[in-house]
Amino acid sequence: MQISSKLPNVGTTIFTVMSGLAKEHNAINLSQGFPDFGCDPKLLELVQKYMNAGFNQYAPMPGVIQLRECISKIISDCYAYNYNPDTEITVTSGATQAIYTAIAAFIHAGDEVMVFEPAYDCYVPAIELHGAKAIISQLDPLNFSINWNDVHSKINSKTKMIIINSPHNPSGAVISPNDLLELEKLVAGKNIIVLSDEVYEHMAFDGQPHQSIARNKTLAAQSILVSSFGKTVHTTGWKIGYVAAPKELMIEFRKVHQFLVFAVNHPFQLAFADFLSDPKNYSELKHFYQAKRDLFLKLTKNSKLQPLKTSGTYFQLMSYSNISQEADTDFAIRLTKEKKLATIPLSVFYTNKYDNKVLRFCFAKKDETLEQAAEIINKL
Ligand code: PMP
Ligand code: GLN
C-alpha cells in the first residue's frame, strides 16, 4: 500500500522520546513537563464521589454547566472579563484538543497563521494538517520577547490567526501589558483571530500578574483563550481543559468539538467544579512553583550551566555552552544515557532547529528529585 503522509516531516514528539529514553536508562526525568508528585487527595475523593453517584454516562456536549460556571467565575475574578458560561465556554479534552479544534474550526487551506518560535510542538502540525502555512516570527534568543516590527512585516491579507503563549513553554518568559496593547493594535479591524494558549496562567512569578488576553476587552472580542487543568491541579494525565471565546466564535468551535470528542469525561468535570470553587486551589500555585524554581536555581548555582530568566511555567532553560559545543540533541541524549538525567533540547521547538546550546529542565518535581538532579548537574 502506498501511503501519502500528511505530515511527512513529523516523527514522534520529543516528550515521548525523552521520557522513553529516561525510563530505558533509569534516568531522573526532567524532560517531559509533568509533576512527579500527586494532586490533592480531596480531588481524588471528589472524582470517586461522582463516579459512585452514577455520573458515568455522557456529559453535556459543551461541558457540565457547574464547571463552565466555575471557569467563568475564575476568569472574571482573575482578569475582570465575563464570559457567558452557557454560550462562551466549552470544556475540552485538554489544551491540545482545544488548540487543534480551534485551528480546524477557523483555518482554511491557503491561510497563514503566525507562530512565535521557539513554540510548543502541537501548533505547526495542526496548521499544516489544514492546508495552511505557519509563518514564523522568532522570539529574542535570550529573553524571548516578541519582535513587533517583525510581526507587522509578516502580516498580510492571508493571515487568519496569531497563536500566542504566555507564560511560555519552553522559555518560561511572560508577555507584558505593552505586548497586549501591541497585539490589540495589530489585529484591530482585521479578520485575525488570536489563539491564546494560557495553560500556565496560574504560574506567573515574582509578583507579576498573568497577562491574559481576557484583561483586554477589545482583544478578547476576537480571541480564543485556551487553558488546561492538568497544570493547575497536578493532573496532566486527566487531559481536561477549556476554551473561552465570544459566542460567534464559540458556535463554530463547538461545530467541530462535537465531532472530535463530543463530550469530556463526566465525573472528573464535576470534581473540578467543586474543587476549583475554592480560589486557594489555584491562586497558591504561583508561590508553590516559584519556590521550586528558586530551589532549583539555588541548588545549581555553582554548576557550569548558566540559567536563563524564568518568569513563569515549570520550566527552566540552562545554557551548557561552558561545558560542550555538541549539538543540543546529542548532548541531551548523552546526558540521559551517561549521567542519568533527562532534559529537552531547545532546538526541537524551532522549525529551523536553531541550536543555541540550551536545554529545558522541568522543575515540577519533589524537592528530593531536584536535589538528586542538582548533584548530577553540579558534576558536569
Ligand atoms: N500548550 C502548552 C504550552 C503546553 O505546555 C501543553 C502541555 N504541556 C499543552 C498546550 C497541552 O496541554 P494538555 O496536556 O492539556 O493537552
Ligand atoms: N507539555 C508538556 C511539555 O512541554 C508535554 C506534553 C506532552 O507530552 N504532549 O513537556
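Keep in mind that what you see is a predicted model, and the values were worked out from it rather than measured.

Q: So what exactly am I meant to see when it comes to the sheet that holds strand β7 (residues 223-228) here?
A: Working definition: the strands of a sheet are paired by backbone hydrogen bonds and lie parallel or antiparallel to each other. With mixed pairing, 7 strands are arranged side by side in an open sheet as β2-β8-β7-β6-β5-β3-β4. The two strands at the open ends of the sheet, each matched to only one other strand, are β2 (89-92) and β4 (133-138). In this sheet, neighbouring strand axes are inclined to one another by 20° on average, regardless of whether the strands run parallel or antiparallel. The pairing of strand β3 (residues 112-117) with β4 spans 6 bridges and is parallel. Across the sheet, residue Val113 finds its bridge partner in β4, namely Ala134.

Q: Mind showing me how you'd approach helix α13 (residues 285-299) here?
A: In an α-helix there are 3.6 residues to a turn, and that puts residues three or four apart on one side. In this model, α13 (15 residues) spans 21 Å end to end at C-alpha, consistent with the 21 Å of a helix rising 1.5 Å per residue. Within α13, burial applies to Leu285, Tyr289, Lys292, Arg293, Leu295 and Phe296. Along the long axis of α13, the arc covered by the buried residues comes to 165°, so they all point the same way. Here the buried face of α13 lies against α9 (229-232), α12 (280-283), β10 (315-319), β13 (358-362) and α15 (367-378).

Q: Would you take a moment to explain the packing of helix α1 (residues 14-24) against helix α14 (residues 328-339) for this structure?
A: Pairs of packed helices are described in terms of their axes, by the angle between the two and the distance that separates them. In contact at an axis separation of 9 Å, α1 and α14 are set at 25° when each is read in the N-to-C sense. It follows from the interaxial angle that α1 and α14 lie roughly parallel. Viewed along their axes, α1 and α14 form a crossing whose handedness is right-handed. Across from Met18, Leu21 and Ala22 in α1, the residues of α14 making contact are Ala332, Ile333, Thr336 and Lys337.

Q: Could you clarify how one ought to interpret the site of ligand 2 in this entry?
A: Around ligand 2, the neighbouring residues are Phe15, Gln32, Gly33, Tyr120, Asn169, Lys231, Phe315 and Arg360. In this structure, an oxygen atom belonging to ligand 2 sits 2.7 Å away from a side-chain N or O atom of Gln32. Relative to its free-state accessible area of 300 Å², ligand 2 is covered by the protein chains to the extent of 81%. Here the shell around ligand 2 is composed, by residue class, of 3 nonpolar, 3 polar and 2 charged.

Q: I'm lost on the site of ligand 1 in this one. Help?
A: Around ligand 1 sit Gly94, Ala95, Thr96, Tyr120, Asn165, Asn169, Asp197, Val199, Tyr200, Ser228, Lys231 and Lys239, and those are all the residues in its vicinity. Between ligand 1 and Thr96 there is a distance of 2.6 Å, counted from an oxygen atom to a side-chain nitrogen or oxygen. Between ligand 1 and the protein, one listed contact pairs an oxygen atom with a side-chain N or O atom of Asn169 at 2.8 Å. Top element by residues in the shell around ligand 1 is helix α4 (residues 94-106). It accounts for 3 residues. When its residues are assigned to classes, the shell around ligand 1 shows 4 nonpolar, 5 polar and 3 charged.

Q: What is the right way to read the side chain of Arg293 from this model?
A: By secondary structure assignment, the location of Arg293 is in helix α13. Take Arg293: its relative accessible area is 8%, and that puts it in the buried class.

Q: Help me understand the sheet that holds strand β12 (residues 344-345) in this model?
A: Within the open sheet, the 4 strands sit side by side as β9-β10-β13-β12. Their pairing is antiparallel. Single-partner strands in this sheet number two, and they are β9 (306-307) and β12. Two strands pair when backbone bridges link them, and β9 and β10 are joined in this way by 2 bridges, in the antiparallel orientation. Note on β10: the bridge partner recorded for Pro307 is Met318.

Q: Would you explain the side chain of Thr232 in this entry?
A: Within the secondary structure, Thr232 sits in helix α9. Not counting residues up to four positions away in its chain, the partners in contact with Thr232 are His202, Asn281, Tyr282 and Leu285.

Q: What exactly am I supposed to notice about the packing of aromatic side chains here?
A: The geometry of two aromatic rings is summed up by the distance between their centres and the angle between their planes. Under the defined criterion, the tally for this structure stands at 20 aromatic pairs. For the ring pair Tyr289 and Tyr314, a centre distance of 5.4 Å and an interplane angle of 65° mean the geometry is edge-to-face. Separated by 25 residues along the polypeptide, Tyr289 in helix α13 and Tyr314 in the loop between β9 and β10 bring together distant segments of the chain. Under the relative-accessibility criterion, Tyr289 is labelled buried at 0%. Lying across the ring of Phe34, Lys365 places its NZ or CZ 4.0 Å from the centre.

Q: Help me out: how do you make sense of the pairing of β10 in this one?
A: The side chains of a regular strand alternate, first on one face of the sheet and then on the other. Burial analysis of β10 places 5 of its 5 residues in the buried class, the great majority of the element. Along β10, one buried face is formed by Phe315, Leu317 and Ser319 and the opposite face, lined by Gln316 and Met318, is buried too. Judged from the 5 bridges that link them, β10 and β13 form a sheet pairing that is antiparallel. Directly across from Gln316, in β13, lies its bridge partner Phe361.

About the criteria used
- Residues numbered from 1 in each chain as written.
- Chains lettered and ligands numbered in written order.
- Predicted model: local features only at pLDDT ≥ 70, side-chain atom pairs only at ≥ 80, totals over all residues.
- Heavy atoms only, no water.
- Pairing = 2+ DSSP bridges.
- Helix = DSSP H or I, 4+ residues; strand = E, 2+ residues; numbered from the N terminus.
- Axes fitted to C-alpha atoms, helices over the stretch in contact; angles between N-to-C directions.
- Expected span 1.5 Å × (residues − 1).
- Buried < 20%, exposed > 50% of the residue type's maximum accessible area, 1.4 Å probe, protein only.
- Arc of directions from axis to C-beta.
- Contact = heavy atoms within 4.5 Å.
- Parallel < 35°, antiparallel > 145°, perpendicular 65-115°, else oblique.
- Left-handed = near helix turned anticlockwise from the far one by under 90°.
- Near = heavy atom within 4 Å.
- Polar contact = N/O pair within 3.5 Å; in protein donor to acceptor, adjacent residues only side chain to side chain.
- Areas by Shrake-Rupley, 256 points an atom, 1.4 Å probe, with all protein chains shown as cover.
- Nonpolar A, V, L, I, M, F, W, Y, C, P; charged D, E, K, R; others polar.
- Phe/Tyr/Trp six-rings, centres within 6.5 Å; stacked < 30°, edge-to-face > 60°.
- Lys NZ or Arg CZ within 6 Å of the ring centre and 35° of its normal.

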